[in-house]
Amino acid sequence: MCMNSGLSHVVHEVLLLYVLLILAGCGSIDVHYSQSLDNKSVRCYNLTDCQSVSPDDVFESVEVVPLLFEGESYPDLVTRLQVTDSLFMIEDKRSFLHLFDKDGNYLVSSDAIIGEGPEEITTPLSYALDPLNGLIEVLTPHKLMSYDLDLHFIKSSHLPTGVDKDSETNLFFSHIESVGEDTHLLLRTISSDRVGEVVIFNSKKETIDERLSYKDDIILPFHMQDRYLFFMNDGSKLFVPPAITNIIYSLSEDMGTLSPLVQFDLGDNSLTRENMGSSVDRQILIESSREILLRILPTSNRIFLVVKGKGNTMRSFHTVVIDTARDMIYRVNLYSEGRQIFPLIMDVDDKYAYTVVDKETLMNQPSLLLDKSEQISSIADSIEDELLLVLKYGIRD
C-alpha cells in the first residue's frame, strides 16, 4: 500500500510580490477539492522496486540538434524546454521565450515584444502554446496576451489577479497552461493565500469557471516542474502540480474535477510532511538526505521521473522510467564512475526524451551520446562553440 509522502521558479515567485497590484474578485466560485487517494482506481508504483539499468537499455539513439543563432537574441541559461509537434520552445533566465523549429532553425524571440506599448509585455511570467489555434499565450501580472507564431499581437484578456488585504480571495498567478477554446489553467504562486489551487480561466469571457484544489496532497510548494498539463493519445488530460508531490491527477473533460490517477511510493526514506519537520524553506530541496520527487513527465505509455537522493550535487539525481504497458520500472543513474552518462530530462513525448546542453558540456561528457561518442569529433568541427544543443533521445519500444 502506498503512503502519502525547481529552483529556477523561485525568482518568479518573489517578483510577483512586487508586481501583482490589481484587484479582481472570484469569491462566488466554490473550490472543488481533489478526490480521495482511497479511490481504488488510483494506480500506485513502488519506486523502491526498480531495476537499475544503463541509459542505452532504455534509449536506442540520440540525435544532436544545434539551435542555430540566426536572430538578434539567443537563449541565456535555459530554464525550460517544451517540445511541440513543430517547435522547440525555450525559456531562459531572463524570462525570454525563444522559438526554434525542430531542425534547430531560429524563428523568433519574445524580446521583440518587450516594451511599454499596448501590444507589448513588460513582465512576462509564463508562456504556453494553445494546442488548438497555435497561439503563443503570455501570462503577465495583469493580462493574458496572445500572439501568433511570429509574435504578432492577436488579442489580450484581463486577468482576475491582485492584492486586496481585506479579501480572502487574493489571487497570485505564476504559470499558465492552455487547454484550447479560450480555456486556461492559471496556477497559484507560493506567495498566494491559496497555495495548492488551480484556476480554470475563460479568457473570452474574462471569468473564472472553476477553482480546483490539490492542497492536501502537497509536500512542499517548491518544485522543479516545468510542465503541468499533458494531453494523452486517448484525449484525456493529466495534471501535475507546481509543487513537490507524489501524485498525477486526471482533469475531467468538463474541467470541473481533479482526480488522483497515479501515486508514487519512494519508500521509508522519502520526504513527507511528517518527517520534514516545521521547515518549508526551499533549502530543504538541497540539504535533505531523503528521496524527493522533483519532476514528473507522463506520456501515453511511460512516466519519466527526476528524483533527488542524498547530497547537493548532480550526482544525487537519477531518472526513473516507468513502462506503464509492461508494468516495469527502471532506474537510470546520471553518473557512473565519476562521469556523467545521462542528463536531466526536460521534456518528453511518446517517442523521445529531450534536454538542452551547451557544446562545452557535451565535449567534456561524450558519454551523453550513449554509444555514439565517436560523433564528438564531427560535432567539434561542425558546431560553433557558443551554440546550445538539443539532445533528442529515442525511446526503445
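Bear in mind that the values here come from a model prediction, so they are computed numbers and not experimental data.

Examining the overall build of the protein
When you go through the protein residue by residue, the secondary structure sums to five helices and 29 strands. Burial analysis of the protein (397 residues in total) assigns 56% to the buried set. Counting only carbon and sulfur atoms, one obtains 46% of the accessible surface of the protein, whose full area is about 17600 Å².

Digging into the sheet that holds strand S23 (residues 317-323)
Ordered in space as S3-S24-S23-S22-S21, the five strands form an open sheet in which the pairing is mixed. The sheet is open, and its two borders are formed by strand S3 (51-53) and strand S21 (292-298), each paired with just one other strand. The sheet shows a mean angle of 25° between the axes of neighbouring strands, taken without regard to direction. Sheet topology note: the S23/strand S24 (residues 328-333) ladder contains six bridges and is antiparallel.

Structural notes on the pattern of salt bridges
A complete count under the given rule lists 13 salt bridges for this structure. The residue Asp 216 makes a salt bridge to Lys 215 at a minimum N-O spacing of 3.3 Å. Note that Asp 385 and Lys 359 form a salt bridge whose closest N and O atoms lie 2.9 Å from each other. Placement of Asp 385 in the loop between helix H5 (376-382) and strand S29 (388-395) and of Lys 359 in helix H4 (residues 359-364) is noted, with a sequence separation of 26 residues between them. You can call Asp 385 exposed: its relative accessible area is 61%. One salt-bridge network, held together by shared partners, links Arg 188, Glu 197 and Arg 211.

Remarks on the confidence of the model for the protein
On average, residues of the protein score 84 in pLDDT, and 84% of them are at 70 or above. When mean pLDDT is taken per element in the protein, strand S27 (residues 347-348) scores highest with 97 and helix H1 (residues 10-19) scores lowest with 40. pLDDT under 50 marks residues 3-28. Its contacts with residues more than four places away, or in other chains, come to 70 contacts. A low-confidence stretch, residues 162-169 (pLDDT under 50), is modelled with 21 contacts involving residues beyond four sequence positions or located in other chains.

Section: the sheet that holds strand S12 (residues 153-158)
Strand order in this open sheet of four strands is S9-S10-S11-S12, and the pairing throughout is antiparallel. The sheet is open, and its two edges are formed by strand S9 (126-129) and S12, each paired on a single side. The average undirected angle you get between the axes of adjacent strands in this sheet is 20°. Judged from the four bridges that link them, S9 and strand S10 (residues 136-139) form a sheet pairing that is antiparallel. Its bridge partner lying in S10, Tyr 127 is registered against Val 138.

Observations regarding the nonpolar core
Among soluble globular proteins, nonpolar side chains are generally buried collectively. Counting residues in hydrophobic clusters, the biggest one holds 75 residues, and the most contacted among them are Phe 264, Leu 305 and Leu 362. Counting residues per element, this core draws most heavily on S29, which supplies six residues. In terms of nonpolar packing, the next biggest core, distinct from the first, is built from 17 residues, Val 179, Leu 187, Leu 229 and Ala 243 among them.

Describing the packing of aromatic side chains
Geometry of an aromatic ring pair is reported as the spacing of the ring centres plus the angle between the planes. In the structure shown here, the tally under the stated rule is 14 aromatic pairs. Where Phe 59 meets Phe 304, the ring centres are 6.3 Å apart and the plane angle is 25°; that geometry is what we call stacked. Here Phe 304 lies in strand S22 (residues 302-308) and Phe 59 lies in strand S4 (residues 59-67), a separation of 245 residues in the sequence. Per residue, the accessibility class of Phe 59 equals that of Phe 304, and both read buried.

Brief notes about the pairing of strand S20 (residues 258-265)
Of all eight residues making up S20, seven are buried, and the element is well covered by its neighbours. Pairing analysis gives four bridges linking strand S2 (residues 43-46) to S20, with the strands arranged parallel. Within S20, the position partnered with Arg 43 by the bridge is Val 262. As defined by bridge partners, strand S19 (residues 247-251) adjoins S20 across five bridges and the pair is classed as antiparallel. Across the sheet, residue Leu 251 finds its bridge partner in S20, namely Leu 258. Here S19 folds back onto S20, and the loop between the two strands holds six residues, one of which, Met 255, carries a positive phi near 65°.

Cut-offs applied
- Residues numbered from 1 in each chain as written.
- Predicted model: local features only at pLDDT ≥ 70, side-chain atom pairs only at ≥ 80, totals over all residues.
- Heavy atoms only, no water.
- Helix = DSSP H or I, 4+ residues; strand = E, 2+ residues; numbered from the N terminus.
- Buried < 20%, exposed > 50% of the residue type's maximum accessible area, 1.4 Å probe, protein only.
- Areas by Shrake-Rupley, 256 points an atom, 1.4 Å probe, with all protein chains shown as cover.
- Pairing = 2+ DSSP bridges.
- Axes fitted to C-alpha atoms, helices over the stretch in contact; angles between N-to-C directions.
- Salt bridge = Lys/Arg side-chain N within 4 Å of Asp/Glu carboxyl O.
- pLDDT = per-residue confidence, 0-100.
- Contact = heavy atoms within 4.5 Å.
- Core = buried A, V, L, I, M, F, W, Y, C linked by side-chain atoms within 4.5 Å.
- Phe/Tyr/Trp six-rings, centres within 6.5 Å; stacked < 30°, edge-to-face > 60°.

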